[in-house]
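Structural overview for review
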Amino acid sequence: MAEQRGTVGGPVLTEWFAKADLHTLDVYESLGGYSALRKVVTTMTAQQVIDEVKISGLRGRGGADFPTAMKWSFVPKDHPGPKYIVVNADESEPGSAKDRYLMENSPHALIEGAAIASFAIGGHQAWIYIRGEYDLPYEMLRDAIAEAHAKGYLGDHPFGADHALDVRLYRGHGAYICGEETALLESLEGKRAQPRSRPPFPAVKGAWGLPTAVNNVETLSTVPWIIRHGGAEYASRGTEKAKGTRMVTVSGDVKKPGNYEIEIGVTYRDIIEGLAGGMLPGRKLKVFWPGGSSAKVLPASMLDTSTDLDGLKALGTMGGSGGIIVMDDSHCVVKAAARLLRFYAFESCGKCTPCRVGGNWAVRTYDRIMANEGSQLELGILERVSDGLQNGRCLCGLGDAAGWVIESTMRHFHDEYEDHCLRHTCNVGRALAHA
Ligand SMILES: Cc1cc2nc3c(=O)[nH]c(=O)nc-3n(C[C@H](O)[C@H](O)[C@H](O)COP(=O)(O)O)c2cc1C
């Protein structure tokens, strides 16, 4: 088994997680919580905050990996009216549960990060759009926001400063598409969640047509630590191009599934065999999704892939939302892909044709394959549908993700597809019986 590596330079996000009652303002503050917001509003300019986050190299942890400081700097400084920070707490990606873990353990870190981000863009209001099913995190954030208001850390004059800051909660509407940032903005405005065409990008025209930066929960929860310790200290963790630490959720056929903070650059072997305890007794790793169900799969032979950007990009996949889904050799990859395509087709909002039609084509094709009616024709259809879903043909990344599932499982497990379509067998045996 590989040496157990998590965060060599020490944890960032989970630094205080061992403390009892960290969710309360008293405990959070006793450890140094809200000192970053105090420092920001009383001693720093908005540009200094952006510069510090730029030095840290922090990139968005919601999936797209976009540099956080750059996103904030795109919000026009001279805009006369309101500007918003919108926190993406929708977390519906299959395999990802790290935002819930962060919000349940340290809701004040997210509130503090959202308030700092509001200050950095010259705004006063942050909205947390939280997944409708997340009852406990919702209640904890609601109570934490009330505590911060009662103490005067949010409100008209936080820490006596002349820069009003407020954080509000909005409960989501239970669809995967609500996590896509422009669909989220539609939903926040009370409309049906469907992605917008871009440009204009949210930084210029976001919530209610006003400049808006949409950031993931983990991204913003990292910001207070960066302000407390300095961007350079954060950047000393990670790799040359991918700085810092990040959360991963490991699920599936491992001994210790759960949420872990890792230093970026450790390998998937470090995570799966080390932190997550390895495979279940008697089983071998077959395939893993390195960054949620939307990331292209990697076979067991690629377990030594690094979690940094370059390592993943070189293989055509991504760290995405940090959800690592592990499947052992008792599972059929074709069946898993069929299930996932059903998810993507069901969750397609239907606004753009490639996603709406392509997803359903794929489902019908997989249905024939799993009913032992596959042939060379079905293999060809899947290849064409997968291509039609990708490369910017859809309005948002949901279509690409569906295409990536087909493409990557066909690329790495073509023999299993051939077994199903050309020989009407399954090397796992049980898959056809349960389809
Ligand atoms: C279908 C779909 C679902 C998404 N779901 C989420 C989500 O639940 N949470 C999230 O932070 N980002 C999600 N994203 C990514 C967001 O669109 C956006 O890139 C992210 O919130 C930006 O924050 P960041 O820069 O901090 O990563 C999703 C994207 C797509 C295409």
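Residues numbered from 1 in each chain as written. Predicted model: local features only at pLDDT ≥ 70, side-chain atom pairs only at ≥ 80, totals over all residues.

**What about the overall build of the protein chain?**
What counts here: Numbering goes from the N terminus for both helices and strands, where a helix is a DSSP run of H or I of at least four residues and a strand is a run of E of at least two. Partly exposed residues are those whose C-beta has more than 12 but fewer than 20 other C-beta atoms within 10 Å; with 20 or more the residue is buried, with 12 or fewer it is exposed, and the C-beta atoms are placed from the backbone. By the convention adopted here, residues make contact when the C-beta atoms placed from their backbones lie within 7 Å.
In terms of regular secondary structure, the protein chain is built from 18 helices and nine strands. Its C-alpha atoms give the protein chain principal-axis dimensions of roughly 75 × 45 × 35 Å. Out of the 435 residues in the protein chain, the part that is buried amounts to 55%. Here the analysis covers contacts within the protein chain between residues at least 6 apart in sequence; of these, 72% occur between residues at least 24 apart.

**Quick word on the site of the ligand**
As a reminder, the rule being used: Nearness here is judged by the C-beta atom: place it from the backbone, and if it falls within 6 Å of a molecule or strand, the residue counts as near that partner. Polarity classes work like this: nonpolar for Ala, Val, Leu, Ile, Met, Phe, Trp, Tyr, Cys and Pro, charged for Asp, Glu, Lys and Arg, and polar for all others, with Gly in that last group.
The ligand sits among 24 residues. The nearest are Gly60, Gly62, Gly179, Asn216 and Gly397. Looking at the shell around the ligand, the elements with two or more residues in it are strand E4 (212-216) and helix H16 (397-412). Of all the elements, E4 adds the most residues to the shell around the ligand, at three residues. Split by residue class, the shell around the ligand holds seven nonpolar, 10 polar and seven charged.

**Section: the sheet that holds strand E9 (residues 323-328)**
Convention followed: Between any two strands, at least two bridges found by DSSP are needed for them to pair.
Taken in spatial order, the five strands of this open sheet run E6-E5-E9-E7-E8, and their pairing is mixed. For this open sheet the edge positions go to strand E6 (258-263) and strand E8 (298-299), each flanked by a neighbour on one side alone. As paired elements, strand E5 (residues 245-252) and E9 share four bridges and run parallel to each other. Of the residues in E9, the one forming a bridge with glycine 252 is valine 326.

**Digging into helix H8 (residues 181-188)**
Because each turn of an α-helix spans 3.6 residues, side chains separated by three or four positions end up pointing in the same direction. Across the eight residues that make up H8, a large majority, seven, are buried. Listed as buried for H8 are Glu181, Thr182, Ala183, Leu184, Leu185, Ser187 and Leu188. On its buried face, H8 sits against strand E1 (84-89), strand E2 (125-130), strand E3 (166-171) and E4. A positive phi of about 90 degrees marks glycine 190, the residue just after H8.

**Things to note about the sheet that holds E3**
The test is simple: Simply put, an axis is a line fit to the C-alpha atoms, just over the touching stretch for a helix, and the angle between two N-to-C directions goes from 0 to 180 degrees.
The parallel open sheet is built from four strands, whose spatial order is E3-E2-E1-E4. Each of the sheet's edge strands pairs with one partner strand only, and the pair in question is E3 and E4. Within this sheet the neighbouring strands show an average axis-to-axis angle of 25 degrees, counted without direction. Across six bridges, the pairing between E1 and E2 is parallel. The partner of asparagine 88 across the bridge, within E2, is tyrosine 129. This element, helix H7 (residues 135-151), spans E2 and E3 of the sheet and lies at about 160 degrees to E3.

**Brief notes about the packing of helix H6 (residues 107-120) against H7**
Quick reminder of the rule: These descriptions rest on fixed angle ranges, namely under 35 degrees for roughly parallel, over 145 for roughly antiparallel, 65 to 115 for roughly perpendicular, and the rest for oblique. A clockwise turn of the near helix away from the far one marks a right-handed crossing, whereas an anticlockwise turn of less than a right angle marks a left-handed crossing.
Running from amino to carboxyl end, H6 crosses H7 at an angle of 60 degrees, the nearest separation of the two axes being 9 Å. As judged from the angle between their axes, H6 and H7 are oblique. You can see that H6 and H7 cross each other, and the crossing is right-handed. Of H7, the residues touching H6 (which contributes Pro107, His108 and Ile111) are Met140, Leu141, Ala144, Ile145 and Ala148.

**Concerning the domain arrangement of the protein chain**
Stated precisely, the cut-off is as follows: Segmentation of the chain into domains, including their bounds, is taken from an automatic or database domain assignment.
Examined at the domain level, the protein chain breaks down into domain 1 (25-235), domain 2 (245-328) and domain 3 (333-434). Relative to domain 3, the C-alpha centre of domain 1 lies at a distance of 36 Å. Between domain 1 and domain 3, the contact holds 10 residues from the first and eight residues from the second.

**Points about helix H2 (residues 35-43)**
Basically, it comes down to this: Within this analysis, the arc is defined by the directions that extend from the helix axis to the C-beta atoms.
Every buried residue belonging to H2 is among Ala36, Leu37, Val40 and Val41, and all of these are buried. Burial along H2 is one-sided: seen end-on, the buried residues are contained in an arc of 115 degrees. For H2, exposure combined with an orientation more than 90 degrees from the buried face picks out Thr42 and Thr43. Tucked into the core, H2 has its buried residues touching helix H3 (46-56), H6 and helix H9 (217-229).

**Description of the packing of helix H5 (residues 98-105) against H9**
Following both chains from N to C, one finds H5 and H9 inclined at 40 degrees, their axes separated by 9 Å at the closest point. With respect to each other, H5 and H9 are oriented oblique. In this structure, H5 meets H9 at a crossing whose hand is left-handed. In this structure, H5 uses Lys98, Asp99, Leu102 and Met103 to contact H9, whose residues at the interface are Val217, Glu218 and Ser221. Of the residues contributing to the contact of H5 with H9, the split by class is three nonpolar, one polar and three charged.

**Here's the deal with the pairing of E9**
With respect to burial, E9 is a largely interior element, five of its six residues being buried. Looking at chain direction, strand E7 (residues 285-289) and E9 are connected through four bridges and run antiparallel. Within the sheet, the bridge partner assigned to tryptophan 289 lies in E9 and is isoleucine 325.

**Let's talk about unusual backbone geometry**
Cis geometry marks the peptide bond from arginine 198 to proline 199; its omega dihedral reads -5 degrees. Structurally, the position occupied by proline 199 is in the loop between H8 and E4. One non-glycine residue, phenylalanine 159, adopts positive backbone phi at about 55 degrees. Within the secondary structure layout, phenylalanine 159 lies in the loop between H7 and E3. Phi is positive for asparagine 372, which is not a glycine, with a value near 65 degrees. We classify asparagine 372 as partly exposed; it has 13 C-beta atoms within 10 Å.

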